[in-house]
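Descriptive structure summary
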Amino acid sequence: YLSIYLSIYLSIPTYLPIPFYFSSCDSPLVSALPQSAFTSSSELSNSHGPGFAKLNRRDGAGGWSPLDSNKYQWLEIKLEQRTEITAIATQGRYGSSDWVTRYFLMFSDTGHNWRPYRQEDSIGAFSGNSNADSVVMYKLQQPVIAQYVRILPLDWNPNGRIGLRLEAYGCQYKSDVVGFDGSAHLLFRPDPSVTPANRDVLSMNFKTLLNSGTLVHMEERSGHTLTLELFRGKLLLQLRKGRGSSADFHPLVSLGSLLDDQHWHHVSVERVRGLVNFTVDKNTQQFQLPESWSHSEINEISFGGTSAAGLQKSQSRRNFHGCLENVLYNDISVIERAEEKQGNVSFTCTESIDVPVTFASPGSFLALPWVSGGESVSVTLQFRTWNKAGLLMTFDLQHNAGTLWLYLSEARVRLQIHKTGRIMTDITAGASLNDGQWHSLELAVRRGRLAVTLDRTDSSTASTSFPVAPDSQLFLGGCPDTEHSSCRNPFSVFQGCMRLIRTDAALVDLIRVQQMLFGNFSDLQMDMCGIVDRCSPSRCEHGGRCSQSWSTFHCNCSATGYGGATCHSSIYEASCEAYKHKGNTSGFYYIDVDGSGPIKPQLIYCNISDKAWMVIQHNNTELTKLKVSSGINQHLAHFNYSADVEQIQAIITQAEYCEQELSYHCKKSRLLNTPDGAPFSWWVGQSGEAHMYWGGAVPGSQQCACGLQENCVHPEHFCNCDADSKEWSNDSGLLSHKEHLPVRALTVGDINRSGSEAAYRVGPLQCYGDNSFWNAAYFNKETSYLHFPTFHGELSADISFLFKTSSSSGVFLENLGIKDFIRIELSSPTQVLFSFDVGNGPLEVKVETPSALNDERWHHVRAERNVKEASLYVDHHPGAVQKAPADGHIHLQLNSQLFVGGTASRQKGFLGCIRSLKLNGKTLDLEERAEITPGVTPGCPGHCSSYGDLCQNHGSCVEDHSGFTCDCSLSPFTGTFCHKDVSAFFKPGTSVTYTFKEPYELNRNVSAQSSSIYSDLTLKGENVSLSFRTSQAPALLLYVSSYYREFLAVLLNRNGLKHVRLNIVDFAILVNSAGDTEISSKTLEETTFVFFLGETSEKQETKTFPLNTQMHLFLSAESGEVDPEIARLNALGFTGCLSVVQFNSISPLKAALLYPDTSPVIVTGPLSESSCGSSLHTNPYAAETTHSLTDHVGSVNTGEPIVNAINSDSALIGGVIAVVIFVSLAALAVMARFLYRRKETFQPQEPKAGKTDDSPETPFNTDPNSQSIISDNQKEYFI
């Protein structure tokens, strides 16, 4: 039971009263060692010595305890030889209150240059004991090969001291080693009598202190070579084609980083035909070799380097200096074979002892005494870091001559000498020194010359008129944080590693410093370099570029199409359907069909109407004509699409419906050779299979559309072209079987006979619908939930969904592990909570919204957790971000089912709808699970409450099972969201007349329904709006007449648009009443017209005027007569653009342009739809100026109920109202929208008293032959 438990939960400690043994490499390694194998930093007494630190032993004082309990103590064990270590176990000191609660575990081959063991590539600390007797054991996720083991206590029982007993488990490790000094190499030739295998495997371990050198050079019989080379601490696999000096290396792949750390690293190259798996330590990359290498035979392999000629072609241009271990080629031990031949190599691994030191924290510093009294000064060291800035060295000069600072600034070394606030010396050297490589630095002062030299080549010098020598101490990396210290650091602290520190050519013994026998230090990690490459492997996804500092990394996601801390989440929508529901109209959009998945975004055209079509073009969508060519029996066409195969397949799978036009035009050219012959033509679909049916037919039918519909020209055939007619014919239709689309290739036959002609067309692939976008489930019980397989988001997890509810709280989803978990819930009506635990303790991310979320509207939730941070976003509200702990656990380990809409405990369940649930870009099919789950219903209606606002210009939202549509029938606009204006440019001779039904009094033969429609004759308001653009003034813009001899007109005065924005009296409303003038006057005195006036690109102004004071009223008592002023302006005609015309609920211009056959309109002269009314800058009539009446124009505050104009009539409309837009001779002015408002919801502005200077006494010129041309810049106005 215990063995199974440990093998499953490797990161969980196990408490055992006795030693525990694993099944294979599990022998105890410490208990049999002599006391001399144990050393420590100090000991409390002889009976507390390190030799008593054996698990379950009670000798001495029952374990090891140091003299002082602080973070600089350590316990070290030397094993008998290099050993494979698989587990570690700890105990406190027997019978005491002394135990370690947290510690570092370190390994070494030499007792120097220690390497910390890291869990999950970031965690170095192990949790220890909670009492003195229990055993806490860890099985190492990756076994370690080492001879030395060191424990560094980090925390201990606060009521006791450091106390420790331990055991390590493992087994003997067999090692064959070969050493190279940078000049020798080992040659190996495979046995030529052995048949070459399809699989070659080369594996080895290596270690080195130098960052460049050739490890392996493989040559095949044709002369091609494959080289494994260490360059700047990374391994490069390179290919060279051919022999000779002209053959160059071509890098194939790079892997690994910081491999010059004098620790063992594993590398393997596995080739299976042309496919190569390249592995360095735990990271693998796969790539394809050129075809010439797929079946090549290796002739010889050179280890440790190659000839001088070969080195000249390599990156490093040097042989390898270091050690190789257990070199195997196809299971043959290369080192054993080489030992037999006694080649020019050493079969031992000689290592230099370099003691590095790590400055890891802001409080780190190293202080060294300065004892030299000579005139010259020399300080040298090597350093490596990722930071661009940090103090390297500082000291006060002798005789109070100032202070010297040597520091990194913008990845360059800079030296400054300050004295009394003045900079006496300032020099820089080097560049790009934050690359993680070792760099040598020398500060030298001789005879008044000061020099700073980087990497032995880049040197900067300066002259000094004063002696430059340390006063008493030299500080490296930082300064002590004490009031009495003379050291000051105005710069950033240094975070990185140093080694080979020399003062006046004498090497500083850092081991003595560690033993506190020389110098002083704080927060240093001695005898190790703790640098970590956080960009290898890169945690930046989707091609994000990784950069780093000492403690963190950053991902540059620009130009990737992804965002977030690790470039994980797509910034684009997954379909045109999603763009439509954001209010977007037709156009090109980037589509990321799998969100954060591996498929890249693709630029696709979205044709957004009632349905949102994705249109994927290919290289030949035009009609292609074929003619007889001698010797050619078939024509083969291949189609290359704008999206790759993986993208197209995902789009088709996700879409609700797809189609592709396939047409064939023929003249004496048969197609499928029906009914019984072998097809002459066929097409190839996505799987590469040939299909013998044509557009409009069903798969496998070997028919065309006419055959399926039984309407072919010749019924005995199933395709029109199969009749072999000498006249042109065609077979066309749509292919809509998604599993076969798209058309990848087309083969056309029967084109080699005399007189044969043919043409084909393969249209673009078109798909609409998004099965994931509308996939929803309704949870109607608090105890109900859906369950799915475990969510795997170990390093990156993104979750997105939409919800709507009336409940105040509920869990959206939950997934549990042993300790880890992830959960998203509505914790209150205004708060969404994202909580999780990856082993660092529970963390929460909350988003508070200003308004309640339980409003039965759709709300969008996006949560992401990665190795850097966790974030949560709700709708468009500001998001919340929670940074991940530095060097904490990073793997999310879950093992239970994923619960949606509830929890495993059936508590805090969610009541409402969840839609479009995606985890790491994959959509969960909620509807499929809901079909079989009690308390959950598939689908969720009610989309207009959330998306109805997308319908503009008084379009109405209409519910659909999967979404909604905008009904624009009562709007003068058209388009998907009633956003597109309907415009026409009128020329002389063009007019539009819209005729209403006669009223009940004038036509008593109508039906009862018509009678009810016209029964209310008391309405005193009309709603009119229009937009216009013209360069003509004066002009008649609008004319409305009725059967009751009433009319309404809007005119433009002689000044045209010069004052139209600011002076409303440039317009006049004319009302003619055939009734009692006194009664009409009384009515008009109580009536107010409201005009909204302004340019389309500006904020519109509102002007309110009583009719009897500001509007010019023209009365005519004679029936059938037109007012003389209107007649004169009518004679001038009108040239310009009119758009978005509406009269009450009628849109006459829209009816004339879009529905001329079904609307009561009369069009005289040429009329066609134009974009002249659009506010786009590229307008064809740039010389004109545009004006318009807005949606709210002419609202009449009469106190009467507002009735739709279709259902009732008013005294003004009467029966037949002719709305004529006067262009040239008698163009009838177009209707404009007039929106009725109730008195209680409309508050008119106070009328302005008096007459402005911009209001002429007679607003319209009485000379019909006089016109004024407007010269202002083209603008568009709404009235």
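What counts, and where the lines are drawn
- Residues numbered from 1 in each chain as written.
- Predicted model: local features only at pLDDT ≥ 70, side-chain atom pairs only at ≥ 80, totals over all residues.
- Heavy atoms only, no water.
- Helix = DSSP H or I, 4+ residues; strand = E, 2+ residues; numbered from the N terminus.
- Buried < 20%, exposed > 50% of the residue type's maximum accessible area, 1.4 Å probe, protein only.
- Contact = heavy atoms within 4.5 Å.
- Areas by Shrake-Rupley, 256 points an atom, 1.4 Å probe, with all protein chains shown as cover.
- Pairing = 2+ DSSP bridges.
- Axes fitted to C-alpha atoms, helices over the stretch in contact; angles between N-to-C directions.
- Arc of directions from axis to C-beta.
- Disulfide = S-S within 2.5 Å.
- Patch = residues over 30% accessible without salt bridge, like charges linked within 9 Å, V, L, I, M, F, W, Y side chains within 5 Å.
- Salt bridge = Lys/Arg side-chain N within 4 Å of Asp/Glu carboxyl O.
- Phe/Tyr/Trp six-rings, centres within 6.5 Å; stacked < 30°, edge-to-face > 60°.
- UniProt positions renumbered as here; feature names shortened; annotations may be inferred.
- Polar contact = N/O pair within 3.5 Å; in protein donor to acceptor, adjacent residues only side chain to side chain.

1. Examining the overall build of the chain
- Of the regular secondary structure elements, the chain holds 13 helices and 84 strands.
- Out of the 1279 residues belonging to the chain, those deemed buried represent 54%.
- Considering only intrachain contacts with a sequence separation of at least 6, the fraction spanning at least 24 residues in the chain is 71%.
- Only carbon and sulfur atoms are counted for the fraction: they give 49% of the accessible area of the chain, which is about 55600 Å².

2. A few points about the sheet that holds strand S55 (residues 786-788)
- Taken together, the six strands give an open sheet; going across it, the order is S55-S64-S57-S58-S59-S60, and neighbouring strands pair in antiparallel fashion. The open sheet terminates on both sides in strands that have one partner only, identified here as S55 and strand S60 (843-848). Strand-to-strand twist in this sheet, taken as the mean axis angle between neighbours without regard to direction, amounts to 15°.
- Sheet topology places strand S57 (residues 810-816) next to strand S64 (residues 898-900); three bridges connect them, and they run antiparallel. Bridging from a neighbouring strand, asparagine 815 pairs with leucine 898 of S64.

3. Remarks on helix H12 (residues 1124-1132)
- Taken together, the buried positions of H12 are occupied by Glu1125, Ile1126, Leu1129, Asn1130 and Leu1132. Along the long axis of H12, the arc covered by the buried residues comes to 145°, so they all point the same way.
- Phi turns positive one or two residues past the end of H12, at glycine 1133, with a value near 75°.

4. Quick word on the state of the cysteines
- Here the structure, examined in full by the defined rule, presents 16 disulfides.
- Across the disulfide from cysteine 704 sits cysteine 719; the S-S distance is 2.0 Å. Every disulfide takes its handedness from the sign of the S-S torsion; for cysteine 704 and cysteine 719 that torsion is 90°, giving right-handed. Residue cysteine 704 is located in the loop between strand S49 (690-691) and helix H7 (705-709), and its partner cysteine 719 is located in the loop between H7 and strand S50 (729-735); the two are separated by 15 residues in the primary sequence. Taken as a pair, cysteine 704 and cysteine 719 share a single burial class, namely buried.

5. What to know about the side chain of serine 807
- Take serine 807: it is sitting in the loop between strand S56 (797-804) and S57.
- According to the relative accessible area criterion, serine 807 is buried, its value standing at 17%.
- If near-sequence neighbours (up to four positions away) are discounted, serine 807 is found in contact with Leu826, Asn854 and Leu911.

6. Remarks on the pairing of strand S51 (residues 745-748)
- Neither face of S51 is open: one carries Ala745 and Thr747, the other Leu746 and Val748, and all of them are buried.
- In terms of strand pairing, strand S46 (residues 635-638) meets S51 through four bridges, oriented antiparallel. Bridged to leucine 636 within S51 is threonine 747.

7. Focus on unusual backbone geometry
- For the peptide bond that leads from serine 536 to proline 537, omega is -5°, which places it in the cis range.
- Position of proline 537 among the secondary structure elements: in the loop between strand S37 (524-526) and strand S38 (545-548).
- At the junction of threonine 674 and proline 675, the peptide bond is cis and its omega measures out at 5° in the coordinates.
- Tracing the sequence through the fold places proline 675 in the loop between strand S47 (657-667) and strand S48 (682-684).
- Even without being a glycine, alanine 505 presents a positive backbone phi close to 75°.
- Relative to the helices and strands, alanine 505 is located in the loop between strand S34 (496-503) and strand S35 (506-507).
- Unlike most non-glycine residues, aspartate 750 shows phi in positive territory, near 55°.
- Turning to its location among the elements, aspartate 750 is positioned in the loop between S51 and strand S52 (757-762).
- For aspartate 750, a relative accessible area of 5% gives the class buried.

8. Some points on a nonpolar patch on the surface
- Taken together, the side chains of Phe588, Tyr590 and Leu603 make up a nonpolar region of the molecular surface, amounting to roughly 310 Å² of accessible area.
- As for its placement among the helices and strands, phenylalanine 588 is situated in strand S42 (residues 587-591).

9. Section: the packing of aromatic side chains
- In the structure shown here, the tally under the stated rule is 31 aromatic pairs.
- Seen from their ring centres, tyrosine 407 and phenylalanine 491 are 3.8 Å apart, and the 15° between their planes marks the pair as stacked. Here tyrosine 407, found in strand S27 (residues 403-409), pairs with phenylalanine 491, found in the loop between strand S33 (473-476) and S34; they are 84 residues apart in sequence, far enough to count as distant.
- Among the residues examined, phenylalanine 491 registers a relative accessible area of 24% and is labelled partly exposed.

10. Topic: the UniProt feature "domain: EGF-like" (unreviewed entry) in the chain
- Taking the UniProt record as the reference, the feature "domain: EGF-like" (unreviewed entry) is found at residues 531-568 and 941-979.
- The straight-line gap between the two end C-alpha atoms of residues 531-568 is 26 Å; of that span, 0% is helix and 26% is strand.
- For residues 941-979, helix accounts for 10% and strand for 31%, while the C-alpha atoms at its two ends are 25 Å apart.

11. A few points about the pattern of salt bridges
- Counted by the stated rule, this structure contains 30 salt bridges.
- One salt bridge in this structure joins arginine 93 and aspartate 98, with 2.6 Å as the shortest N-O distance.
- The class of arginine 93 is buried, set by a relative accessible area of 13%.
- With its nearest N and O atoms 3.2 Å apart, the salt bridge here joins arginine 189 to glutamate 300. With arginine 189 in the loop between strand S11 (186-188) and strand S12 (199-208) and glutamate 300 in strand S20 (residues 298-303), this pair connects stretches of sequence that are 111 residues apart.
- Among the charged side chains, a network of salt bridges with common partners joins Arg82, Asp109, Lys207, Glu325 and Glu351.

12. Some thoughts on the sheet that holds S46
- An order of S46-S51-S48-S49 is seen for the four strands of this open sheet, with the pairing classed as antiparallel. Whereas interior strands pair on both sides, the edge strands pair on one side only; in this sheet they are S46 and S49.
- As paired strands, S48 and S51 are joined by three bridges and run antiparallel to one another. By the bridge assignment, tryptophan 682 is partnered in S51 with threonine 747.

13. Quick look at helix H6 (residues 645-654)
- Every buried residue of H6 is accounted for by Gln647, Ile648, Ala650, Ile651, Ile652 and Gln654.
- Turning to H6, the residues buried within the fold contact strand S43 (602-608), strand S44 (612-616), S47 and strand S53 (765-768).
- Capping the start of H6 is the job of one residue whose side-chain oxygen sits 3.3 Å from the backbone nitrogen of glutamate 646: aspartate 644.

14. Considering the environment of histidine 876
- One can find histidine 876 in the loop between strand S62 (869-874) and strand S63 (880-883).
- Counting along the chain gives 27 residues from histidine 876 to threonine 849, while the straight-line C-alpha distance between them is 9.8 Å.

15. Section: the side chain of serine 65
- Note that serine 65 resides in the loop between strand S3 (38-40) and strand S4 (75-91).
- Assessed through its relative accessible area of 0%, serine 65 is described here as buried.
- A polar contact of 2.7 Å, which involves the side chain of serine 65, links it to the backbone oxygen of isoleucine 162.
- The contacts of serine 65, once residues within four sequence positions are left out, are Ser42, Glu43, Leu44, His48, Arg93, Asp98, Ile162 and Gly163.

16. What about the environment of serine 212?
- Along the polypeptide, serine 212 turns up in the loop between S12 and strand S13 (213-220).
- What makes serine 212 buried here is its relative accessible area of 7%.
- It is 7.4 Å that separates the C-alpha atoms of serine 212 and glutamate 229, two residues lying 17 residues apart in sequence.
- A distance of 3.2 Å separates a polar atom in the side chain of serine 212 from a polar atom in the side chain of asparagine 211.
- Among the polar contacts listed, one links the side chain of serine 212 to the backbone nitrogen of arginine 232, at a separation of 3.2 Å.

17. Here's the deal with the pairing of strand S25 (residues 377-384)
- The buried fraction of S25 is high, at eight of eight residues.
- Taken together, the seven bridges between S25 and strand S30 (residues 439-446) define a ladder with antiparallel strand orientation. Within the sheet, the bridge partner assigned to phenylalanine 383 lies in S30 and is histidine 439.
- By the bridge criterion, five bridges tie S25 to S34 in an arrangement that is antiparallel. Counted as the bridge partner of glutamine 382 is arginine 499 from S34.

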